[in-house]
Amino acid sequence: MAFAPLLISLVLGKTAIASPIESLADEVVRLTNAERKKAGLLELSNHSLLEAMAERMVTDLSILGVMRHEDRKGRDLFTRADLAGYPWVAIGENVAQGQRTPKQVVAAWMKSPSHRATLLSTDYREIGVAYVSSRKGRYWVQIFGSR
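Per chain, the residues get numbers from 1 upward, laid out in the order the sequence is written. Local features are withheld for residues below a pLDDT of 70 in this predicted model, meaning they are given only at 70 or higher, and side-chain atom pairs are given and counted only at 80 or more; totals for whole chains, interfaces and linings count all residues. With hydrogens and water excluded, all non-hydrogen atoms of the structure serve as input to the side-chain values.

J.: Hey, could you go over the nonpolar core for me, with residue numbers and the actual values?
T.: Joining through side-chain atoms within 4.5 Å is the link that ties buried Ala, Val, Leu, Ile, Met, Phe, Trp, Tyr and Cys residues into a set, and such a set is a nonpolar core. For every residue, the accessible area (1.4 Å probe, protein chains only) is compared with the maximum for its type, and the residue is labelled buried under 20%, exposed over 50%, or partly exposed between those bounds. Val28, Val105, Val106, Trp109 and Trp140 are the most contacted members of the largest nonpolar core, which totals 20 residues. Starting at the N terminus, helices and strands are each numbered in turn, a helix being any DSSP run of H or I of at least four residues and a strand any DSSP run of E of at least two. At the level of elements, helix 1 (20–38), strand 4 (90–97), helix 4 (102–111), strand 5 (126–134) and strand 6 (137–146) are the ones that each hand at least two residues to this core.

J.: Go over helix 4 with me, naming the residues and quoting the values.
T.: Residues Pro102, Val105, Val106, Trp109 and Met110 constitute the buried set of helix 4. Buried residues of helix 4, seen end-on, are gathered within an arc of 135° and therefore sit on one face of the element. Residues of helix 4 that are exposed and point over 90 degrees away from its buried face: Lys103 and Lys111. Working note: the arc is built from the helix axis to C-beta atom directions.

J.: Residues and numbers for the packing of aromatic side chains, please.
T.: Side-chain rings of Phe, Tyr and Trp (the six-membered ring for Trp) are treated as a pair once their centres are within 6.5 Å; stacked means planes under 30 degrees apart, edge-to-face means over 60, and tilted covers the remaining angles. Considering all chains together, one arrives at 3 aromatic pairs under this definition. Between Phe78 and Trp88, the aromatic rings sit 5.4 Å apart at their centres with planes inclined by 40°, giving tilted as the arrangement. Linking Phe78 in helix 3 (residues 77–84) with Trp88 in the loop between helix 3 and strand 4, this pair joins segments that are 10 residues apart in sequence. Ring centres of Tyr131 and Trp140 lie 4.2 Å apart, and the angle between their planes is 45°; this geometry places the pair in the tilted category.

J.: Describe the confidence of the model for the protein, naming the residues involved and giving the relevant values.
T.: Each residue carries a pLDDT score, the predictor's confidence in it, ranging from 0 to 100. Per-residue confidence for the protein gives a mean pLDDT of 88; residues scoring 70 or more make up 85%. Here a residue-residue contact requires only that any non-hydrogen atoms of the pair lie within 4.5 Å. Segment residues 1–18: pLDDT under 50, and 24 contacts once partners within four positions in sequence are set aside and those in other chains are kept.

J.: Mind laying out the pairing of strand 6, listing which residues take part and the relevant values?
T.: The element strand 6 is extensively covered by neighbouring structure, given that 9 of its 10 residues are classed as buried. Note: two strands are recorded as paired if DSSP finds a minimum of 2 bridges between them. Note that strand 4 and strand 6 share 8 bridges and pair antiparallel. Within strand 6, the residue paired with Asn94 across the bridge is Gln142.

Structure below.
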């Protein structure tokens, strides 16, 4: 049976305990904001709808076993954002496969001119990040947006 881990928080009373996978996504956001700060840009804030979109996309990538910008149904980011109800003015996405740590994936994105441009774009104010490790590999997704 194939297994694609989901991002889950366990809530005990009023205390939320983040899973290691959530901690990896949070670290990608932190490192992304550190790169933006070095470039003199504003930090991005987490947005739950962008996070949910990233989680769906990273799950699709892990099921498909490929790295691409279309989901399992062939929908591009713009269509996925519209369907999710994110009222975007600007929207962007970085995907990656194989990196073991948040530091490695952010470094890889910063070395790629197109991914770097997305990560450092002044068009974005919000971010959602997801990570999954499956039998088919490790996948990372960042979705950037502005409303």
